[in-house]
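Working through the structure, step by step
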Amino acid sequence: MKKAWLALLFGSALVLGACGGGGDEATDGGSTNDNTTDEQTTDGGTEANKGEELVMSSCTTCHGGNLQGMGNTPALSDVGSRLSEEEILDIILNGRGAMPGGLLKGEDAEAAAAWLAQQK
């Protein structure tokens, strides 16, 4: 009985912590961040900060807090040395493997791809 309970608890934690589970939060957070980062970009160009904030709020659930990768998810800490900005943007928009596409869209996806491309 204890094994069944632990299996149910562990399975629930996996489902709730899945990469796709943060999609709604990422979208809501992106719309909130847009207002604050728009102010920041007019103050002197912190577009890179916007990309970093988006990545840290949308990608760390699956790719780790330091973007070091977790389990089957690749590390993003050096993704710029492996992929171009265009390739990164394509993955953000369309997904790849177990990663769903569309977690970030439009300017948010472009800002995240630009920041990730600088990670070498």
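Quick notes on the rules
- Residues numbered from 1 in each chain as written.
- Predicted model: local features only at pLDDT ≥ 70, side-chain atom pairs only at ≥ 80, totals over all residues.
- Heavy atoms only, no water.
- Helix = DSSP H or I, 4+ residues; strand = E, 2+ residues; numbered from the N terminus.
- Expected span 1.5 Å × (residues − 1).
- Buried < 20%, exposed > 50% of the residue type's maximum accessible area, 1.4 Å probe, protein only.
- Arc of directions from axis to C-beta.
- Axes fitted to C-alpha atoms, helices over the stretch in contact; angles between N-to-C directions.
- Parallel < 35°, antiparallel > 145°, perpendicular 65-115°, else oblique.
- Left-handed = near helix turned anticlockwise from the far one by under 90°.
- Contact = heavy atoms within 4.5 Å.
- Nonpolar A, V, L, I, M, F, W, Y, C, P; charged D, E, K, R; others polar.

Residues separated by three or four positions in an α-helix point in the same direction, a consequence of the helix having 3.6 residues per turn. Between its first and last C-alpha, helix 3 (residues 47-58) extends 16 Å over 12 residues, near the 16 Å set by a 1.5 Å rise per residue. Along helix 3, the residues that are buried comprise Lys50, Gly51, Leu54, Val55 and Ser58. Angular distribution of buried residues about the axis of helix 3 spans 130°; they occupy a single face of the element.

This paragraph deals with the packing of helix 5 (residues 85-94) against helix 6 (residues 106-117). In the contact formed by helix 5 and helix 6, the axes pass within 8 Å of each other and the chain directions differ by 135°. Classified by the interaxial angle, the pair formed by helix 5 and helix 6 is oblique. As helix 5 packs across helix 6, the resulting crossing turns out to be right-handed. Where helix 5 abuts helix 6, its residues Glu85, Ile88, Leu89, Ile92 and Leu93 lie against Ala109, Glu110, Ala112, Ala113, Ala114, Leu116 and Ala117. Here the residues of the contact of helix 5 with helix 6 sort into 10 nonpolar, no polar and two charged.

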